[in-house]
Amino acid sequence: MTKIITSPSFITQLREQIEYPNAGVFSKVLLKDNACQYTLFCLAANTDISEHTSIRNATINVIEGRGLLTLSGEDIVLEHGIFVFMPANAPHALKAEENLTFLLTLSEKVTDKN
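The structure presented is a predicted model; accordingly, all values stated were derived computationally and were not measured. (Residues numbered from 1 in each chain as written. Predicted model: local features only at pLDDT ≥ 70, side-chain atom pairs only at ≥ 80, totals over all residues. Heavy atoms only, no water.)

Visitor: How should I be thinking about the layout of surface pockets in this particular structure?
Guide: Any space left empty among the atoms is revealed by the rolling of a water-sized probe across them. Estimates place the volume of the largest pocket at around 200 Å³. Residue lining of the largest pocket: 19 residues in total, with H52, M86, H92, F102 and L104 positioned closest to the centre. Those elements giving two or more residues to the lining of the largest pocket turn out to be strand 3 (48–52), strand 4 (56–64), strand 8 (92–96) and strand 9 (100–109). For the lining of the largest pocket, the class distribution of residues is 14 nonpolar, 4 polar and 1 charged. (1 Å grid on protein atoms, 1.4 Å probe; cavity = no way out; pocket = protein on both sides within 12 Å on 5 of 7 lines; lining within 4 Å. Points joined across faces, edges and corners; volume = space filled by probe spheres on them. Helix = DSSP H or I, 4+ residues; strand = E, 2+ residues; numbered from the N terminus. Nonpolar A, V, L, I, M, F, W, Y, C, P; charged D, E, K, R; others polar.)

Visitor: So what exactly am I meant to see when it comes to the packing of aromatic side chains here?
Guide: Tallied over the full model, the rule gives 1 aromatic pair. Arranged with centres 5.3 Å apart and planes meeting at 10°, the rings of F41 and F102 form a pair that is stacked. Of this pair, F41 sits in strand 2 (residues 37–43) while F102 sits in strand 9; the two residues are 61 residues apart in sequence, bridging distant segments of the chain. Comparing F41 with F102 shows no difference in burial state: the two are buried. (Phe/Tyr/Trp six-rings, centres within 6.5 Å; stacked < 30°, edge-to-face > 60°. Buried < 20%, exposed > 50% of the residue type's maximum accessible area, 1.4 Å probe, protein only.)

Visitor: Just to check I follow, could you spell out unusual backbone geometry for this structure?
Guide: Trans peptide bonds make up most of the peptide bonds, and negative phi angles are found at most residues other than glycine. Phi at N46 is positive, roughly 70°, even though this residue is not glycine. For N46, the position within the fold is in the loop between strand 2 and strand 3. By relative accessible area, N46 is classed as exposed at 55%. The phi angle at N89 is positive, at roughly 70°, despite the residue not being glycine.

Visitor: What exactly am I supposed to notice about the sheet that holds strand 6 (residues 74–79) here?
Guide: Two pairing modes exist for strands in a sheet, parallel and antiparallel, and in both the strands are linked by backbone hydrogen bonds. Pairing is antiparallel in the open sheet, where 4 strands are placed in the order 3-8-5-6. For this open sheet the edge positions go to strand 3 and strand 6, each flanked by a neighbour on one side alone. Going across the sheet, the axis of each strand differs from the next one's by a mean of 15°, ignoring polarity. Direction of pairing for strand 3 relative to strand 8: antiparallel, over a ladder of 3 bridges. When the sheet's bridge partners are listed, D48 is paired in strand 8 with K95. (Pairing = 2+ DSSP bridges. Axes fitted to C-alpha atoms, helices over the stretch in contact; angles between N-to-C directions.)

This is the structure:
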């Protein structure tokens, strides 16, 4: 029999969590459990995040602002309401064209089971 462990609920108003730095990136981990990490990212206008990868699947849910995500060579406009799924190990880079806030969710780590 599998034991199910429950966690207390977590509720927050994301707009109240937004804090833009004068330059660069401000990030705040809102919640983390064994499977996922939920981080709020606030980027000042004209901030670049150079190309990188992650060993985890990720999603971006844009709350406000505007930016450009380059995901596996494809340019995706980031604006309010856009949701993006990024598979593990996909190269991606980001530029905030104006102040930009999004919720980044990293899911369970990917492992090879070959």
